[in-house]
Amino acid sequence: MALLPILCYPDPRLHTVAKPVQAVDARVKKLIGEMLETMYDADGIGLAATQVDVHERLVVIDVSAGRNTPLVLINPEITWASDEKQVNDEGCLSVPGIYDGVERSSAIKVTALDGEGQSRVIEAEGMLAVCIQHEMDHLLGKVFVEYLSPLKRNRIKTKMLKARRDTERA
Ligand code: K1U
Ligand code: ZN
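Below is a summary of the structure that appears in this document. No experiment lies behind these values; they were computed from the predicted model shown.

Criteria and thresholds
- Residues numbered from 1 in each chain as written.
- Chains lettered and ligands numbered in written order.
- Predicted model: local features only at pLDDT ≥ 70, side-chain atom pairs only at ≥ 80, totals over all residues.
- Heavy atoms only, no water.
- Helix = DSSP H or I, 4+ residues; strand = E, 2+ residues; numbered from the N terminus.
- Expected span 1.5 Å × (residues − 1).
- Contact = heavy atoms within 4.5 Å.
- Core = buried A, V, L, I, M, F, W, Y, C linked by side-chain atoms within 4.5 Å.
- Buried < 20%, exposed > 50% of the residue type's maximum accessible area, 1.4 Å probe, protein only.
- Near = heavy atom within 4 Å.
- Polar contact = N/O pair within 3.5 Å; in protein donor to acceptor, adjacent residues only side chain to side chain.
- Areas by Shrake-Rupley, 256 points an atom, 1.4 Å probe, with all protein chains shown as cover.
- Nonpolar A, V, L, I, M, F, W, Y, C, P; charged D, E, K, R; others polar.
- Donors = N, O, S within 2.8 Å, 3.2 Å for Na, K, Ca; no water.
- Disulfide = S-S within 2.5 Å.
- Salt bridge = Lys/Arg side-chain N within 4 Å of Asp/Glu carboxyl O.

**What about helix 1 (residues 26-41)?**
In step 1: Taking 1.5 Å of rise per residue, 16 residues should cover 22 Å, and helix 1 covers 23 Å from first to last C-alpha, within 8% of that figure.
In step 2: Tucked inside the fold, the buried residues of helix 1 contact strand 1 (46-48), strand 2 (58-61) and strand 3 (71-81).
In step 3: Phi turns positive one or two residues past the end of helix 1, at Asp 43, with a value near 60 degrees.

**Considering unusual backbone geometry**
In step 1: Look at the link from Tyr 9 to Pro 10: it is a cis peptide, with omega at 10 degrees.
In step 2: With respect to the element layout, Pro 10 can be found in the segment before helix 1.
In step 3: With a phi close to 60 degrees, Asp 43 is a non-glycine residue in the positive phi region.
In step 4: Mapped onto the elements, Asp 43 comes out in the loop between helix 1 and strand 1.

**What about the nonpolar core?**
Generally speaking, a soluble globular protein has its nonpolar side chains buried in company with each other.
In step 1: If you look at the biggest cluster of nonpolar residues, it comprises 16 residues, and the most contacted ones within it are Ile 32, Met 35, Leu 58, Val 60 and Ile 74.
In step 2: Those elements giving two or more residues to this core turn out to be helix 1, strand 2 and strand 3.
In step 3: Here this core gets six residues from one element, more than from any other, and that element is helix 1.
In step 4: Each residue touching Met 35, except ones within four places of it in the same chain, is listed here: Leu 4, Leu 47, Ala 48, Ala 49, Val 52, Leu 58, Val 59 and Val 60.

**Quick notes on the site of ligand 1**
In step 1: Taken together, 15 residues are adjacent to ligand 1, and Ile 45, Gly 46, Gln 51, Leu 93 and Glu 135 come closest.
In step 2: At 2.6 Å, a backbone N or O of Leu 93 approaches an oxygen atom of ligand 1.
In step 3: Measuring from an oxygen atom of ligand 1, one finds a side-chain N or O atom of Glu 135 at 2.7 Å.
In step 4: Contact with the protein chains covers 85% of the free accessible surface of ligand 1, which is 500 Å².
In step 5: The element best represented in the shell around ligand 1 is helix 2 (residues 126-139), accounting for five residues.
In step 6: Among the residues making up the shell around ligand 1, the classes are represented as six nonpolar, six polar and three charged.

**Looking at the coordination of the zinc ion (ligand 2)**
In step 1: Coordination of the zinc ion (ligand 2) by the protein comes from Cys 92 (SG), His 134 (NE2) and His 138 (NE2), over a distance range of 2.1 to 2.3 Å.
In step 2: Along the chain, the residues that donate to the zinc ion (ligand 2) are spaced as C-x41-H-x3-H. In this pair, Cys 92 is assigned in the loop between strand 4 (85-90) and strand 5 (100-105) and His 134 in helix 2, connecting sequence segments 42 residues apart.

**Observations regarding helix 2**
In step 1: When the terminal C-alpha atoms of helix 2 are compared, their 21 Å separation across 14 residues agrees well with the 20 Å that a helix rising 1.5 Å per residue should span.
In step 2: Of all 14 residues in helix 2, eleven are buried, a share of seventy percent or more.
In step 3: Among all positions of helix 2, only Ala 129, Val 130, Cys 131, Ile 132, Gln 133, His 134, Glu 135, Met 136, Asp 137, His 138 and Leu 139 are buried.
In step 4: Of the residues flanking the end of helix 2, it is Gly 141, one or two places downstream, whose phi is positive at about 85 degrees.

**Brief notes about the state of the cysteines**
In step 1: Under the criterion given, the structure shown has zero disulfides.
In step 2: Its sulfur unpaired, Cys 8 is 8.7 Å from the next cysteine sulfur, which belongs to Cys 92.
In step 3: Not part of a disulfide, Cys 131 finds its nearest cysteine sulfur in Cys 92, a span of 10.0 Å.

**Concerning the pattern of salt bridges**
In step 1: Counted according to the given criterion, the structure contains twelve salt bridges.
In step 2: A salt bridge links Arg 104 to Glu 90; the shortest N-O distance between them is 2.6 Å. Of this pair, Arg 104 sits in strand 5 while Glu 90 sits in strand 4, placing them 14 residues apart in sequence.
In step 3: Bridged by salt links that share partners, the residues Asp 11, Arg 13 and Asp 53 form one connected network.

What follows is the structure in structure tokens.
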């Protein structure tokens, strides 16, 4: 297995809208393995295919304390979202070092295929609901900083571009 490079905001490829996965075949299973390895290596609780420059509707998640309960969602669709909303602090492996509050539905129901291509219905609340909504935004080309004010977003963009320049110079 290989670690995959993660795109960093404001990379324009993060705004690509992902297409449905056509078949859960050997290529997709290999990608799932590599995305899980990449997510665990980066200490993330989720990763969307968009973030590794693959524009297909696939996300991996693990919000368990033991980091041993991976969840694979292929072609996920939200079928119900609670009217009740909650603000939670979010981070993103594509925007390292930035955490801020985002308002999202407190509970959701999602249909998806799992890593074996089997249909699943997931009822989520708490951190799992937050993470699924964050990852599904990635598949629509949306990064969580787009929920923040233009002032905050521009400051973050400037900080990320400076960090990239500093890394390139080092
Ligand atoms: O999509 C990603 O880049 C992964 C992201 C998922 C996420 C974290 C927090 C709220 C919503 C979605 C991360 O894993 S960021 C790093 C992280 O482990 C983390 C950050 C804040 C709270 C909890 C975990
Ligand atoms: Zn993210």
